Amino acid sequence: QVQLVESGGGLVQAGGSLRLSCVASGSINSIASMGWYRQAPGKQRESVAGITNGGRANYADSVKGRFTISRDNAKNTVFLQMNSLKPEDTAVYYCNADGLVLTGGHRYWGQGTQVTVSS
């Protein structure tokens, strides 16, 4: 019902920046919020940032002040601007979309994009 396509990952040096993009298609009207998760090898997947349809954003403490999540005007694309990157930010980053509870509350995932930060 909802497809998520991510882009923007890559290899950067510590202190550098990347911007991740996620384009949603399909049943756009069923999406309540979108966000980003990340998972490093041997680590639990963790929430990085999220944003609601109303524009409220929240961040993990580990990225607060460095990362910014935003949406486009059509509300079908989310971005994650990542500044002051650290080696510990290295992970596969996944875009997610959570559906409205009224429509089933489904959770959708992108394919993931690798972010590697070198020291």
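Definitions and cut-offs
Residues numbered from 1 in each chain as written. Predicted model: local features only at pLDDT ≥ 70, side-chain atom pairs only at ≥ 80, totals over all residues. Heavy atoms only, no water. Disulfide = S-S within 2.5 Å. Helix = DSSP H or I, 4+ residues; strand = E, 2+ residues; numbered from the N terminus. Buried < 20%, exposed > 50% of the residue type's maximum accessible area, 1.4 Å probe, protein only. Core = buried A, V, L, I, M, F, W, Y, C linked by side-chain atoms within 4.5 Å. Contact = heavy atoms within 4.5 Å. Phe/Tyr/Trp six-rings, centres within 6.5 Å; stacked < 30°, edge-to-face > 60°. Lys NZ or Arg CZ within 6 Å of the ring centre and 35° of its normal.

Tallying each qualifying case throughout the model produces one disulfide. Linked covalently through their sulfurs, Cys22 and Cys95 form a disulfide whose S-S length is 2.1 Å. Looking along the S-S bond of the Cys22-Cys95 disulfide, the torsion reads about -80 degrees, which is the left-handed sense. With Cys22 in strand S3 (residues 18-26) and Cys95 in strand S9 (residues 91-99), the pair connects residues that are 73 residues apart, well separated along the chain. Using a relative accessible area of 0% as the deciding quantity, one classes Cys22 as buried.

Moving on, we come to the nonpolar core. Core analysis: the largest hydrophobic core is formed by 28 residues, its most contacted members being Leu4, Met34, Trp36, Leu80, Met82 and Tyr93. Counting residues per element, the ones that place at least two in this core are strand S1 (2-7), S3, strand S4 (31-39), strand S5 (46-52), strand S7 (67-71), strand S8 (77-82), S9 and strand S11 (113-118).

With a phi angle near 50 degrees, Ser84 is a residue other than glycine that sits in the positive phi range. Its relative accessible area of 42% is what places Ser84 among the partly exposed residues.

To continue, consider the environment of Gly112. As for its position among the elements, Gly112 is in the loop between strand S10 (107-109) and S11. For the pair Gly112 and Tyr37, spaced 75 residues apart in sequence, the C-alpha separation works out to 9.2 Å. Each residue touching Gly112, except ones within four places of it in the same chain, is listed here: Glu6, Val92, Tyr93 and Tyr94.

Quick look at the packing of aromatic side chains now. Following the criterion strictly, the structure yields one aromatic pair and no others. Judged by centre distance (5.0 Å) and plane angle (70 degrees), the rings of Tyr37 and Trp109 are edge-to-face. In this pair, Tyr37 is assigned in strand S4 and Trp109 in strand S10, connecting sequence segments 72 residues apart. Overall, the relative accessible area of 16% leaves Tyr37 in the buried class. In this structure, Arg45 is placed above the aromatic ring of Tyr94, and the distance from its NZ or CZ to the ring centre is 4.0 Å. The residue whose ring lies beneath Arg45 is Trp109, and the NZ or CZ to ring-centre distance is 4.8 Å.

These figures capture arrangement, not role.
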